[in-house]
Amino acid sequence: MKKEISRRNFIKGTAALTAGAALMGLAGCAEEKTPAPQEAPKFKHVKVAVFSPTEGTKNAAAMLAAKFSDDVEFADLTNATSRTEEVTFAAEDLAIVAAPSYGGQIPMIEGLFTNLKGDNTPCVVVCAFGNRAAENVYANIASIVSKQGFVVVGAIGLVTPHVFASVAKAGHSRPNVDDNKIMTEFASKVMDKLNSGTVEAITIEGTPEVDFAKEISAAPKEFKAENCIQCGACAANCSTGAIDPQTLEIDETKCINCMRCSFVCEYNARSYDTAVKRDFIEGKLSAKKSVEYFI
Ligand SMILES: Cc1cc2nc3c(=O)[nH]c(=O)nc-3n(C[C@H](O)[C@H](O)[C@H](O)COP(=O)(O)O)c2cc1C
């Protein structure tokens, strides 16, 4: 598929330390000391649409977005209620659409990202994965957004801490300094491509459709009633609206095991028994995977 993109509006940027790098604890260590890949002029405005229950994807996407612009806006689509309104992108924007890999595909949420509306807007697809694999996530997102006014000009897979390995090694301390350099290199290549004036959408391999029947293994959920103060934060923040706000019971037919409830619970009432998964993850997934990108 070939799509024309008009010449974009760039502003000059510096190689200053990014907000994302600071977020990930990389302050002062990566780009300033070693000669990093050359930074391209930056975009005026970057808009990040992200689904990120435990914020690993959001942090990684923020780090990447700061490579493209000093003006970054977020449309956080994690809460069920946040996906009801249309989110529009201008032709001059750069869109970043980011999701985690759940069993090698985007989380099984009907209509995820379908509220995004582009205007022939260039788009970078991001997959955050817990050191196993991104697999079909790029194809899933690209298939959705390319029908909604976006031209996918690049895709990148960033390793983030695996939620089922709280103290295990999978994705621990990622993105790291090396990942940060690869992000800079990727962003520079995307900007060069867009600067050239005419851009072809990239071809992404993989299965575009999300398999809603797929069994995705997860750590068993735990609820400590004695710790719960009935504040309702878990229900209000649930990514799929699976928790009844009155009874706080979980509708298992809606739950995607994203761990959002445990992430927002301040009283340690919601948690997951990560022990079983942790053994598997530590055993099988401790070898560090690299950032991968497609352009
Ligand atoms: C249900 C579930 C399934 C997952 N499946 C995979 C997987 O197949 N491969 C992988 O590398 N990481 C997998 N992960 C790890 C996530 O991709 C990773 O932890 C991600 O950072 C979580 O995103 P978040 O922090 O933005 O919520 C899975 C996580 C969950 C909750």
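Every value quoted in this text rests on a predicted model; they were computed, and no experiment measured them.

Comments concerning the site of the ligand
Looking at the ligand, there are 25 residues lining it, with Ser52, Thr54, Gly56, Thr57 and Thr160 nearest. One of the backbone nitrogen or oxygen atoms of Ala128 is found 3.5 Å away from an oxygen atom of the ligand. One of the backbone nitrogen or oxygen atoms of Val163 is found 3.1 Å away from an oxygen atom of the ligand.

Observations regarding helix H7 (residues 275-285)
Where H7 is concerned, the buried positions are Lys277, Ile281 and Leu285. Buried positions in H7, seen along its axis, are confined to an arc of 35° and lie on one side of it. For H7, the exposed residues lying more than 90 degrees away from the buried face are Val276, Asp279 and Gly283.

Re the layout of surface pockets
Taken as a whole, the largest pocket holds about 870 Å³ of empty space. What lines the largest pocket is a set of 42 residues, among which Tyr102, Pro161, His162, Val163 and Phe164 lie closest to the centre. At the level of secondary structure, the elements contributing two or more residues to the lining of the largest pocket comprise helix H2 (56-68), strand S8 (121-129), helix H6 (260-264) and H7. In the lining of the largest pocket, the residues fall into 21 nonpolar, 16 polar and five charged. Split by domain, the lining of the largest pocket shows at least three residues from each of two domains, domain 1 (10-209 + 288-294) and domain 2 (221-272).

A few points about the environment of Val46
Checked against the element boundaries, Val46 lands in strand S3 (residues 46-50). Spatially, the C-alpha atom of Val46 lies 8.3 Å from that of Asp70, the residues being 24 residues apart in sequence. In contact with Val46, other than residues within four places in its own chain, are Ala65, Phe68, Ser69, Asp71, Val72, Glu73, Leu94 and Ile96.

Some details on the sheet that holds S3
Sheet architecture is open: six strands sit in the order S4-S3-S6-S8-S9-S12, paired in mixed fashion. At either end of the open sheet lies a strand with only one pairing partner, and these are strand S4 (72-76) and strand S12 (292-294). Between one strand and the next, the sheet's axes are offset by a mean angle of 20°, whatever the strand orientation. In the sheet, strand S6 (residues 94-100) pairs with S8 via six bridges, with the strands oriented parallel. Note that in S8 the partner of Ala98 across the bridge is Val126. H2 rests against S3, S4, S6, S8 and strand S9 (150-159) of the sheet, and its axis sits at about 160° to S6. Those strands touched by helix H3 (residues 137-145) are S6, S8, S9 and S12, and its axis lies near 150° from that of S8.

Some thoughts on the packing of aromatic side chains
According to the stated counting rule, one finds four aromatic pairs in the structure shown. Above the ring of Phe89, the side-chain terminus of Lys47 is found at 5.1 Å from the ring centroid. The lysine or arginine in question, Lys58, covers the ring of Phe74, its NZ or CZ lying 5.9 Å from the ring centre.

Remarks on the nonpolar core
Counting 36 residues, the largest nonpolar core has Val97, Ile106, Phe113, Leu116, Ile141, Val145 and Ile204 as its most contacted members. Of all the elements in the fold, those that place two or more residues in this core are S6, S8, H3 and S9. Counting residues per element, this core draws most heavily on H3, at seven residues. Those residues in contact with Val145 that sit more than four places away from it in its chain are Val97, Leu116, Cys123, Phe150 and Val152. If you look at the next biggest cluster of nonpolar residues, it comprises 29 residues, including Val151, Val199, Ala201 and Tyr293.

A look at the packing of H2 against helix H4 (residues 177-195)
Where H2 meets H4, the axes come as close as 9 Å, and the angle between the chain directions of the two elements is 45°. Judged by the angle between their axes, H2 and H4 are oblique. Where H2 crosses over H4, the two elements pack in a sense that is right-handed. For the pair formed by H2 and H4, the contact residues are Ala60, Met63, Leu64, Lys67 and Phe68 on the first element and Asn180, Met183, Thr184, Phe186, Ala187, Val190 and Met191 on the second. Partitioning the contact of H2 with H4 into residue classes produces nine nonpolar, two polar and one charged.

Rules used throughout
The residue numbers shown here count from 1 along each chain, following its written sequence. Residues qualify for local features only when their pLDDT is at least 70, as the model is predicted, and side-chain atom pairs are given and counted only at 80 or more; totals for whole chains, interfaces and linings, by contrast, use all residues. To obtain the side-chain values, all non-hydrogen atoms of the structure were included, while hydrogens and water were left out. When at least one non-hydrogen atom of a residue lies within 4 Å of a molecule or strand, that residue is treated as near it. Under the rule applied, a polar contact is a pair of N or O atoms within 3.5 Å (in protein, one hydrogen donor and one hydrogen acceptor; residues adjacent in sequence only if both atoms are side-chain atoms). Relative accessibility thresholds used throughout: buried, under 20% of the residue-type maximum; exposed, over 50%; partly exposed, between the two (1.4 Å probe, protein chains only). What counts as a helix is a DSSP run of H or I of at least four residues, what counts as a strand is a run of E of at least two, and both are numbered from the N terminus. Directions from the helix axis toward the C-beta atoms define the arc. In this analysis a 1.4 Å probe is tested at points of a 1 Å grid over the protein atoms alone, and where it fits but cannot get out there is a cavity; an open set with protein on both sides within 12 Å along at least five of seven lines is a pocket; lining residues have an atom within 4 Å of a point. Grid points are joined across faces, edges and corners, and a volume is the space filled by probe spheres set on the points. Throughout, the ten residues Ala, Val, Leu, Ile, Met, Phe, Trp, Tyr, Cys and Pro are labelled nonpolar, Asp, Glu, Lys and Arg are labelled charged, and all others, Gly among them, are labelled polar. An automatic or database domain assignment is the source of the domain bounds shown. Contacts are residue-level and defined by heavy atoms, with any inter-residue pair within 4.5 Å sufficient. Only when DSSP finds a minimum of two bridges between them are two strands counted as paired. Helix axes are fitted to C-alpha atoms over the stretch in contact, other axes to C-alpha atoms as well, and angles between N-to-C directions run from 0 to 180 degrees. Only Phe, Tyr and Trp rings are paired, with Trp represented by its six-membered ring, and only when their centres lie within 6.5 Å; those with planes under 30 degrees apart are stacked, over 60 edge-to-face, the remainder tilted. Ring-over charges, as used throughout, are those where CZ of Arg or NZ of Lys falls within 6 Å of the ring centre and within 35 degrees of the ring normal. Definition used in this section: a nonpolar core is a set of buried Ala, Val, Leu, Ile, Met, Phe, Trp, Tyr and Cys residues joined via side-chain atoms within 4.5 Å. Note on terminology: angles under 35 degrees are roughly parallel, angles over 145 are roughly antiparallel, angles of 65 to 115 are roughly perpendicular, and the others are oblique. Note: crossing handedness is left-handed where the near helix turns anticlockwise from the far helix by less than a right angle, and right-handed where it turns clockwise.

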